[in-house]
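One letter stands for each residue in the lines below.
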Amino acid sequence: MRVIIRPSATAACVTAARIIANQVIGQPDSVLGLATGGTPLGSYQELIRLHRAGQLDFSRVTTFNLDEYVGLGPQHAQSYHRFMFSNLFDAINIDPQRVHLPDGLASDLTEACADYERQIVEAGGIDLQLLGIGTDGHIAFNEPGSSLASRTRLKTLARQTVDDNARFFDHSDDVPRLAVTMGVGTILESRQCLLLATGENKAAAIRGAIEGPLTSQNTATALQLHPAAIVVLDQEAASWLSRIDAYRHAESYMPDPDQLESAD
Ligand code: PGA
């Protein structure tokens, strides 16, 4: 696991965006796995900036999002579908036909989940999956106790996640209790995983994810099994790690992840 620690949340978001940008520059028909939440917003702003500067072309990119609330349609202000269009897709030249999110309104959710898995396979699999982490260690909505072999399915949000996400809604009662989410097994099949975390409130979950034992109680620990996982943190999210010096030392031998590759 490569651990990159940046001085600020803004710098961490830029680094994650540059890693995504280099994936797209190197492989213009990349399949990207994308995430919602407060954390990736800075990365999406950097991707939009690079696109507007003529440095990034999304016309051949395909995307799959991690999850969606059950019961919220694409036009609902708090749906992840709407989030993605408002915060990224409307501002870049992506083909909406190549954008995929789980359908939170599907009449047969089990079939819709199986279909989502099929679509990922038909697209050739996910090249780079962006991930956030919950304060309870979840990746996507794989709450504590989720099978580390799980596939896309219906999942109940943990109480802590409902509380954490209430800030996006008028009232905590409005937060949906169910979501469709890629499973941990689905995520681990991505060719590369990129976990982005910022802020002191993520420090405990990040310590567990990187330095704790593998456990379904912190599903981000499953990234320890992934052959190509990168974790990008700000100093606050990294503040509970015990081996910060080792990560910084290892990173000093790595190429600068902020450096954009040339398209040639
Ligand atoms: P956040 O959510 O970016 O809003 O903190 C992360 C997550 O729950 O995965």
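Residues numbered from 1 in each chain as written. Predicted model: local features only at pLDDT ≥ 70, side-chain atom pairs only at ≥ 80, totals over all residues. Heavy atoms only, no water.

Digging into the sheet that holds strand β4 (residues 67-69)
Next up, step 1: Ordered in space as β4-β8-β7, the 3 strands form an open sheet in which the pairing is antiparallel. Unpaired on one side and paired on the other, β4 and β7 (153-156) mark the two borders of the sheet. Between one strand axis and the next, the sheet turns through 30° on average, direction left out of account. (Pairing = 2+ DSSP bridges. Helix = DSSP H or I, 4+ residues; strand = E, 2+ residues; numbered from the N terminus. Axes fitted to C-alpha atoms, helices over the stretch in contact; angles between N-to-C directions.)

Description of the packing of helix α2 (residues 41-52) against helix α3 (residues 80-87)
Next up, step 1: One way to put it is that α2 packs onto α3 with a least axis distance of 10 Å and a crossing angle of 40°. In terms of orientation, α2 and α3 fall into the oblique class. Residues L41, Y44 and I48 of α2 touch α3, and the partners they reach there are F83, M84 and N87.
Next up, step 2: Looking at side-chain class alone, the contact of α2 with α3 contains 5 nonpolar, 1 polar and no charged residues. (Parallel < 35°, antiparallel > 145°, perpendicular 65-115°, else oblique. Contact = heavy atoms within 4.5 Å. Nonpolar A, V, L, I, M, F, W, Y, C, P; charged D, E, K, R; others polar.)

Things to note about the layout of surface pockets
Next up, step 1: As a volume, the largest pocket reaches approximately 590 Å³.
Next up, step 2: Lining the largest pocket are 33 residues, and of these T36, G37, G38, N165 and F168 lie nearest its centre.
Next up, step 3: Where the lining of the largest pocket is concerned, the elements lending two or more residues are β4, α3 and α5 (159-165).
Next up, step 4: Examining the composition of the lining of the largest pocket, we find that 5 residues originate from one element, α3, more than from any other.
Next up, step 5: Residues that form the lining of the largest pocket fall into these classes: 12 nonpolar, 16 polar and 5 charged.
Next up, step 6: Approximately 220 Å³ is the volume attributed to the second largest pocket.
Next up, step 7: Along its surface, the second largest pocket is lined by R2, I19, N22, Q23, L128, Q192, I230, P255, D256, P257, Q259 and E261.
Next up, step 8: Ranked by the residues each element gives to the lining of the second largest pocket, the list is headed by helix α1 (residues 9-26), at 3 residues.
Next up, step 9: Its residues placed into classes, the lining of the second largest pocket shows 5 nonpolar, 4 polar and 3 charged. (1 Å grid on protein atoms, 1.4 Å probe; cavity = no way out; pocket = protein on both sides within 12 Å on 5 of 7 lines; lining within 4 Å. Points joined across faces, edges and corners; volume = space filled by probe spheres on them.)

Some words on α3
Next up, step 1: Those residues of α3 lying buried are Y80, F83 and M84. Projection of α3 onto a plane perpendicular to its axis shows the buried side chains occupying an angular sector of 95°, all on one side.
Next up, step 2: The inward-facing, buried residues of α3 contact β2 (31-34), α2, β3 (62-65), β4 and α5. (Buried < 20%, exposed > 50% of the residue type's maximum accessible area, 1.4 Å probe, protein only. Arc of directions from axis to C-beta.)

Digging into the site of the ligand
Next up, step 1: Neighbouring residues of the ligand: G37, G38, T39, G132, I133, G134, H138, R167 and K202.
Next up, step 2: For the ligand, an oxygen atom lies 2.8 Å from a polar atom in the backbone of G38.
Next up, step 3: Burial of the ligand by the protein amounts to 85% of the accessible area it has alone, namely 290 Å².
Next up, step 4: Cavity membership is defined here by more than half of the atoms lying within 2 Å of grid points; on that basis the ligand lies in the largest pocket.
Next up, step 5: The class makeup of the residues in the shell around the ligand is 1 nonpolar, 6 polar and 2 charged. (Near = heavy atom within 4 Å. Polar contact = N/O pair within 3.5 Å; in protein donor to acceptor, adjacent residues only side chain to side chain. Areas by Shrake-Rupley, 256 points an atom, 1.4 Å probe, with all protein chains shown as cover. Sits in = over half its atoms within 2 Å of the grid points.)

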